[in-house]
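Take a look at the letters that make up each chain.
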Amino acid sequence: MVFFSVPLGKLVRRVSRLRGGGSALPGLVVEKIDPGFMRRTLTTLPHGVAVVSGTNGKTTTTKMVVELLESQGLKVFTNRTGSNFTRGVAAALLGEVDWRGRLDADIAVLELDEAHAVHFVNSVPPRYCLLLNVLRDQLDRFGEIDKTAQLLQHIAAKTTGTVVLNREDPRVARIADTLTGQEVKYFGLDDSLLGTFPNDDDMRAAPGSPAPAGLPEKPAADVVLRKVGADSAEFEYDGGTVTTAMKLRGVYNIFNAAAAMTLARSICGGGAAAADHATLLEALSRVAPAFGRGESLTVDGQPLDLVLVKNPSGFRLGLKSFPAEGYATMIAINDNYADGRDMSWLWDVEFDSLRGGGVDVLTGSRAYDMALRLQYDDVRVGAVQTDISAALAAFIREGRDRPKRIFCTYTAMLAIRRELAKITTVEVVS
Amino acid sequence: MNPAEATAADGPSKGTIRVVQLYPRDMNIYGDWGNALVLKRRIDWHGYTPELLEYNVGDPFPEDVDIIVGGGGQDSGQLVIQDDLQARAGQLKELAEDGAPMLVICGLYQLFGRYFKTRTGAVIPGIGILDVETHGTDERLIGNVKVSTTEFGEVLGYENHSGQTTLGSGVQPLGTVAKGTGNNSNDGHEGARYRNIVASYLHGSLLPKNPAIADFLIRTAAERKFGSFSPGNPDDTYAVLAREHAARRPR
């Protein structure tokens, strides 16, 4: 049977691309006229669907999982950056299916926003899911962190095969207690690295204060990140440790590599492929950061790093992972819907590490909130310019002879990339 | 001068002002640390010596408290501190009646009241310092807020709560909502004032962009302790600009 929705959806996709429009519209159209399209298409995949969710790191982790599986010879369908809502998945599907609606893939690995994942899994129960973390992000959408954890729990409950959980995030790890039929696997972190991952619960606990009583013994993890070097990382799995080169930087990205390895190993172990460790590691060492997540570009012959910051934990990790010394620094804070409108979180980040060199330029709709925050941490501010284009031009002009780093919220990152695309080559994500 | 280079007033300290943060471990979800940090820095900028102490469940309660600051928490955090707070009710009430300045935000605002009745009808007792009561609802009030006050001018912040608070006759509202919802969806009031207590649903954090409230707490602490307050000269250039921009942002 030929479904008219597919040719029509493809047509909308072409037209909206010609107009330079958003990626979700064709998805919306096909959802409206053929609500069964996504479910019908995805349930035909021989190894099913894997969902990656959590508040932070979905995009890079999904990219890693895809590249790891591809290294094992699997054809993977994924929703590339930008639209991690259900209709974004439908839109991505339209681009990949043939005119009869068939998808040539072995498995789908999908990044899904926590709230939208709930709707998605009700319609398409995944065979695998990977739940990364519940950080204090998007409280303006969800109200409470505990509410976000419930959304992730629902994804796990709907999963038919293996649920991969972050052992180090108590709200994620606890999801295991609520599951009955599923296989549970964990990814974990060496105790020596825990200090670099202050979670939201101990953010304000006094140094050295005892852990809350009643914490259960940590379960064994499938893959544990043991050490992080400048360009390498050491992982432990199958009873041995291996050191591998890494292109990804930032402890949080490398921790998510342990998450991606655990999921990829589960999928391979589930019969999709014979996991070959040499090629898996080789693929892992070649993964480059996704779109704006620790991306390194070149401007005027100098490196320019983009570090996406969305919440206090992420910002603190970003500051820890990328030493300020020798760099010109810009911070771009927007409070559009996609960034979160609430600025409270800036007060839960310590900016002492920027005190030495100061911050050259502050920009974004909340540049003055950032300036005020830095004033209270005694960090010198060079210039404040709420207009991102003007600020970026000034930053590049003044920092001509220095490597540069920009910490930015999501929509600020999009604006900066648009500006940078005019003067340098930035990765194009379809 | 770059405001970030603002330093303590010259000369010897005018005295020590002790700030106690209530339950930072369990009641600190919306940047409440910002309020404590602002008090600490501004006490310094006014020429006094700040001492910032944390009080968590089970700690010995600090002596010679000059300012109390308490934040919001998730419902689960409120459950953790509930018994400990009841055990401290007497001391806190005595301090409040004696005119100690206090800032309580969101969760601790609710628990400083008479009770919090949840959606399911369970009643969590408060410590009754404030004549207010709170009822849980299914509606979550979230977004940027502007409040007109007679005492502190326009107050700017962000709200995120599902409990709705009604004021009794023993307290005054902090102000009238110009944008946002405030205490509840009915009367247009935001926050509560009683003696030297400022209670509010606004975080953001509240004090950085509302230095008038921070200075009120510091002034009343100094007057209570030393009999007078001699202000310094903090540079509020960025605070003024941040306020102007915040006031223009959508709900």
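Look up: the structure comes first, before these words.
Everything numeric here is computed off the predicted structure, so don't read it as measured data.

### Description of the overall build of chain B
Argument step 1. Counting secondary structure elements, chain B contains 6 helices and 12 strands.
Argument step 2. Against the globule reference of 18 Å for 251 residues, chain B gives a C-alpha radius of gyration of 17 Å, in line with a compact fold.
Argument step 3. Dimensions along the principal axes, computed over C-alpha positions, put chain B at roughly 55 × 45 × 30 Å.
Argument step 4. In chain B, of all internal contacts separated by at least 6 residues, the share reaching a separation of at least 24 is 70%.

### Quick notes on unusual backbone geometry
Argument step 1. With an omega of -10 degrees, the peptide bond running from Gly204(B) to Ser205(B) counts as cis.
Argument step 2. By the secondary structure assignment, Ser205(B) is in the loop between strand S12 (197–200) and helix H4 (206–209).
Argument step 3. Even without being a glycine, Asp238(A) presents a positive backbone phi close to 50 degrees.
Argument step 4. Considering the arrangement of structural elements, one finds Asp238(A) in the loop between strand S8 (232–237) and strand S9 (240–245).
Argument step 5. A residue is classified by how much of its surface remains accessible, and Asp238(A), at 56% relative accessible area, is exposed.
Argument step 6. For Asp378(A), which is not a glycine, the phi torsion comes out positive at approximately 60 degrees.

### Considerations on the interface of chain A and chain B
Argument step 1. With 37 residues of chain A at the interface, the matching set in chain B holds 43 residues.
Argument step 2. On the surface where chain A and chain B come into contact, there are 3 salt bridges.
Argument step 3. We note a salt bridge from Arg249(B) to Asp335(A), for which the minimum N-O separation is 2.6 Å.
Argument step 4. Here chain A is connected to chain B by 11 residue pairs in polar contact (both at pLDDT 80 or more).
Argument step 5. Secondary-structure elements contributing two or more residues to the side of chain A that touches chain B are helix H7 (139–142), helix H8 (145–158), helix H14 (367–376) and strand S14 (381–384) of chain A.
Argument step 6. With 7 residues, H14(A) is the single largest residue contributor to the side of chain A that touches chain B.
Argument step 7. Across the side of chain A that touches chain B, the residue classes tally to 13 nonpolar, 7 polar and 17 charged.

### Concerning the pairing of strand S4 (residues 128–131) of chain A
All names here are of chain A.
Argument step 1. Covered by surrounding structure in S4 are Tyr128 and Leu130 together with Cys129 and Leu131, the residues of both alternating faces.
Argument step 2. Looking at chain direction, strand S1 (residues 49–53) and S4 are connected through 4 bridges and run parallel. Directly across from valine 51, in S4, lies its bridge partner cysteine 129.
Argument step 3. Where S4 and strand S5 (residues 162–166) come together, 4 bridges link them in parallel fashion. Along S5, the bridge assignment pairs leucine 130 with valine 164.

### As for the packing of aromatic side chains
Geometrically, a pair of aromatic rings is defined through the distance of the ring centres and the angle of the planes.
Argument step 1. Applying the stated criterion across every chain, the model contains 13 aromatic pairs over all chains.
Argument step 2. Ring geometry for Phe187(A) and Phe255(A): centres 5.1 Å apart, planes at 55 degrees, overall tilted. With Phe187(A) in strand S6 (residues 183–189) and Phe255(A) in helix H11 (residues 251–272), this residue pair connects regions lying 68 residues apart in the sequence.
Argument step 3. Note on Phe187(A): relative accessible area 0%, which makes it buried.
Argument step 4. The buried category is assigned to Phe255(A), whose relative accessible area is 4%.
Argument step 5. Ring geometry for Tyr55(B) versus Phe61(B): centroids 5.0 Å apart, planes at 65 degrees, classification edge-to-face.
Argument step 6. For Phe61(B), a relative accessible area of 11% gives the class buried.
Argument step 7. Connected via pairs of aromatic rings, a cluster forms that spans Phe315(A), Trp345(A), Phe351(A) and Phe407(A).
Argument step 8. The cationic tip of Arg405(A) hangs over the ring face of Tyr327(A); the distance from NZ or CZ to the ring centre is 3.8 Å.

### Looking at the environment of Met370(A)
Residues and elements named next belong to chain A.
Argument step 1. Assignment of secondary structure puts methionine 370 in helix H14.
Argument step 2. In this structure the C-alpha to C-alpha distance between methionine 370 and tryptophan 347, which are 23 residues apart in sequence, comes to 9.2 Å.
Argument step 3. For methionine 370, the contacting residues outside a window of four places in its chain are Ile331, Ile333, Leu346, Phe351 and Leu362.

### Details of the packing of helix H4 (residues 58–71) of chain A against helix H12 (residues 277–286) of chain A
Between two packed helices, what matters for the description is the angle formed by their axes and the separation of those axes.
Residue and element names in this part refer to chain A.
Argument step 1. Orientation of H4 relative to H12, taken along the N-to-C sense of each, is 140 degrees, at an axis distance of 9 Å. Every pair of crossing elements has a handedness; the one defined by H4 and H12 is right-handed. Of H12, the residues touching H4 (which contributes Met64, Glu67, Leu68 and Ser71) are Thr279, Leu280, Ala283 and Leu284.
Argument step 2. Looking at the contact of H4 with H12 residue by residue, the class counts come to 5 nonpolar, 2 polar and 1 charged.

Here is what the cut-offs are and how they apply
Residues numbered from 1 in each chain as written. Chains lettered and ligands numbered in written order. Predicted model: local features only at pLDDT ≥ 70, side-chain atom pairs only at ≥ 80, totals over all residues. Heavy atoms only, no water. Helix = DSSP H or I, 4+ residues; strand = E, 2+ residues; numbered from the N terminus. Rg over C-alpha atoms; globule rule 2.2 N^0.38 Å. Contact = heavy atoms within 4.5 Å. Buried < 20%, exposed > 50% of the residue type's maximum accessible area, 1.4 Å probe, protein only. Salt bridge = Lys/Arg side-chain N within 4 Å of Asp/Glu carboxyl O. Polar contact = N/O pair within 3.5 Å; in protein donor to acceptor, adjacent residues only side chain to side chain. Nonpolar A, V, L, I, M, F, W, Y, C, P; charged D, E, K, R; others polar. Pairing = 2+ DSSP bridges. Phe/Tyr/Trp six-rings, centres within 6.5 Å; stacked < 30°, edge-to-face > 60°. Lys NZ or Arg CZ within 6 Å of the ring centre and 35° of its normal. Axes fitted to C-alpha atoms, helices over the stretch in contact; angles between N-to-C directions. Left-handed = near helix turned anticlockwise from the far one by under 90°.

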